[in-house]
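Survey of secondary and tertiary structure
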Protein chains: 2
Amino acid sequence: MKELEERILRDGKGIGTEILKVDSFLNHQLDVGLVRRMGEEFARLFAGSGANKILTVEASGLPIAFAAAAAMGDLPMVFAKKKKPSTMQEKQYVGVVHSFTKNTDSSIVVSKKYLGPEDKLLIIDDFLATGSAGMGLIDIARQAGAEVVGYGAAIEKEFQGGAEKLRAMGIEVHSLAVIKSIRDDNIQF
Amino acid sequence: MKELEERILRDGKGIGTEILKVDSFLNHQLDVGLVRRMGEEFARLFAGSGANKILTVEASGLPIAFAAAAAMGDLPMVFAKKKKPSTMQEKQYVGVVHSFTKNTDSSIVVSKKYLGPEDKLLIIDDFLATGSAGMGLIDIARQAGAEVVGYGAAIEKEFQGGAEKLRAMGIEVHSLAVIKSIRDDNIQF
């Protein structure tokens, strides 16, 4: 998506060879029009997917997933939570997300009430790097007996291998901007 | 907002006299069409506010704030984060949010880059109860020298006093559903 690539070049900030900060327009301050158009682009890319629900994980993926759900005819949307809220008593699906930077595992949870075998899930997230968050969400989908019909990321860091991992599982992956390398502010698509 | 009140009566779950769960359509699974229409209702209510930016806090307020920002002509939006992300090095505004249920204080942060004296902020959140989250966001706005021109909540629990507190500070408050009392599943507007 040309508009997103241009925005990354203009306002993104590469740090070292791994980190890209997009705080100024995507995950702290948001350019709402851009995010709406990203949602429309996901709707175009996954028009034939048969998705009947959007799945994401809190927090910064939420507006992008919401924009995609709205652009796909107000599909229902479910977001995994990063810890068990005190009022969430019912049975839950639990997925594990491994952080390679921190070398820690954390849990994400979805109530069993909101995913089931009838669901054809389009997973949407802001970043696709090693694919850890994706694997946690896919694990949850499988526990629910739901089908993952697609995976959409706003920004893919191709060199971290996540998209390859997901495609090897037979999942259709589309990223709106695919980054080949980061050398501080030298960002290559 | 009639549609939201009817949905709360149909699908909300009151627990005791204080808790209302709206997990099935607002803060775990989302009815995306409803949330879009809530955004349009905020746009109508705050049409004369002069807001030039939406402020909220992660996580469940994000889709509602995004819907309001989109309905108000794609206003930019900033969300406070609940802890300091490892890549967030620049100076921050820090607000304190007191939890009356847990009797603990936690911090929310906004980078100084994204709020300033030129900002006229409309704060949007999912729940307005004691007003603690609101006070943390207003504190951050004041540190930035920004003006808070309005406060919009999806669901207000009137009996917990938050709206009254905010109005006493001269802030215009609108809630889409105002709950007078909860007695388990007996919910009164």
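Now for a look at the structure at hand. Since we're looking at a predicted model, the values are computed, not measured. (Residues numbered from 1 in each chain as written. Chains lettered and ligands numbered in written order. Predicted model: local features only at pLDDT ≥ 70, side-chain atom pairs only at ≥ 80, totals over all residues. Heavy atoms only, no water.)

**Notes on the environment of I15 of chain A**
All names here are of chain A. Summarising the element assignment, I15 is placed in strand β1 (residues 13–15). Taking the C-alpha atoms as reference points, I15 and I179, 164 residues apart in sequence, are found 14 Å from one another. Those residues in contact with I15, other than ones at most four positions away along the chain, are K21, I182 and D184. (Helix = DSSP H or I, 4+ residues; strand = E, 2+ residues; numbered from the N terminus. Contact = heavy atoms within 4.5 Å.)

**Here we look at the interface of chain A and chain B**
Taken together, the contact pairs 37 residues of chain A with 37 residues of chain B. Together chain A and chain B conceal approximately 3200 Å² of surface at their shared face, both sides included; 64% is due to carbon and sulfur atoms. Put simply, D74 of chain A and R36 of chain B hold a salt bridge, and the shortest N to O gap is 2.7 Å. Joining chain A to chain B, the criterion identifies 14 residue pairs in polar contact (both at pLDDT 80 or more). For the side of chain A that touches chain B, the elements supplying multiple residues, two or more each, are β2 (19–21), α2 (23–27), β3 (29–30), α3 (32–45), α4 (62–71), β5 (77–80) and β7 (104–111) of chain A. With 6 residues, α4 of chain A is the single largest residue contributor to the side of chain A that touches chain B. Residue classes in the side of chain A that touches chain B are distributed as 20 nonpolar, 9 polar and 8 charged. Inspection of the sheet shows β5 of chain A paired to strand β3 (residues 29–30) of chain B by 2 bridges, in the antiparallel sense. In the strand pairing of β3 of chain B, V78 of chain A is matched with Q29 of chain B. (Buried area = accessible area lost by both parts, 1.4 Å probe. Salt bridge = Lys/Arg side-chain N within 4 Å of Asp/Glu carboxyl O. Polar contact = N/O pair within 3.5 Å; in protein donor to acceptor, adjacent residues only side chain to side chain. Nonpolar A, V, L, I, M, F, W, Y, C, P; charged D, E, K, R; others polar. Pairing = 2+ DSSP bridges.)

**Brief notes about the nonpolar core**
With 78 residues, the main nonpolar core has I155 of chain A together with I155 of chain B as its most contacted residues. Apart from residues no more than four positions distant in its own chain, I155 of chain B is found in contact with L4, I8, L20, V22, L26, D126, F127, L128, A177 and I179 of chain B. (Core = buried A, V, L, I, M, F, W, Y, C linked by side-chain atoms within 4.5 Å. Buried < 20%, exposed > 50% of the residue type's maximum accessible area, 1.4 Å probe, protein only.)

**Thoughts on the sheet that holds strand β5 (residues 77–80) of chain B**
With mixed pairing, 6 strands are arranged side by side in an open sheet as β3(A)-β5(B)-β4(B)-β8(B)-β9(B)-β10(B). Of all strands in the sheet, those with a lone pairing partner are β3 of chain A together with β10 (173–179) of chain B, marking the two edges. Of the strand pairs in this sheet, strand β4 (residues 53–57) of chain B and β5 of chain B are connected by 4 bridges, and their pairing is parallel. Each bridged residue has a counterpart across the sheet, and for T56 of chain B the counterpart in β5 of chain B is F79 of chain B. Its contacts with the sheet place helix α5 (residues 132–143) of chain B against β4, β5, β8 (120–128) and β9 (147–157) of chain B, and it is angled at close to 165° to β8 of chain B. (Axes fitted to C-alpha atoms, helices over the stretch in contact; angles between N-to-C directions.)

**Looking at the packing of α4 of chain A against helix α4 (residues 62–71) of chain B**
Where α4 of chain A meets α4 of chain B, the axes come as close as 9 Å, and the angle between the chain directions of the two elements is 60°. Between α4 of chain A and α4 of chain B, the angle is such that the two are oblique. In this structure, α4 of chain A meets α4 of chain B at a crossing whose hand is right-handed. Residues L62, P63, F66 and A67 of chain A of α4 of chain A form the contact with α4 of chain B, whose participating residues are L62, P63, F66 and A67 of chain B. Classifying every residue of the contact of α4 of chain A with α4 of chain B by side-chain character gives 8 nonpolar, no polar and no charged. (Parallel < 35°, antiparallel > 145°, perpendicular 65-115°, else oblique. Left-handed = near helix turned anticlockwise from the far one by under 90°.)

**What to know about the sheet that holds β3 of chain B**
Sheets are built from strands paired through backbone hydrogen bonds, the pairs being either parallel or antiparallel. Spatially, the 6 strands line up as an open sheet ordered β10(A)-β9(A)-β8(A)-β4(A)-β5(A)-β3(B), and their pairing is mixed. Each having just a single partner strand, β10 (173–179) of chain A together with β3 of chain B make up the two edges of the open sheet. Bridge count between strand β9 (residues 147–157) of chain A and β10 of chain A: 6 bridges; the pairing is parallel. Each residue of the ladder has a partner; that of I155 of chain A, found in β10 of chain A, is A177 of chain A. Those strands touched by α4 of chain A are β4 (53–57), β5, β8 (120–128) and β9 of chain A together with β3 of chain B, and its axis lies near 165° from that of β5 of chain A.

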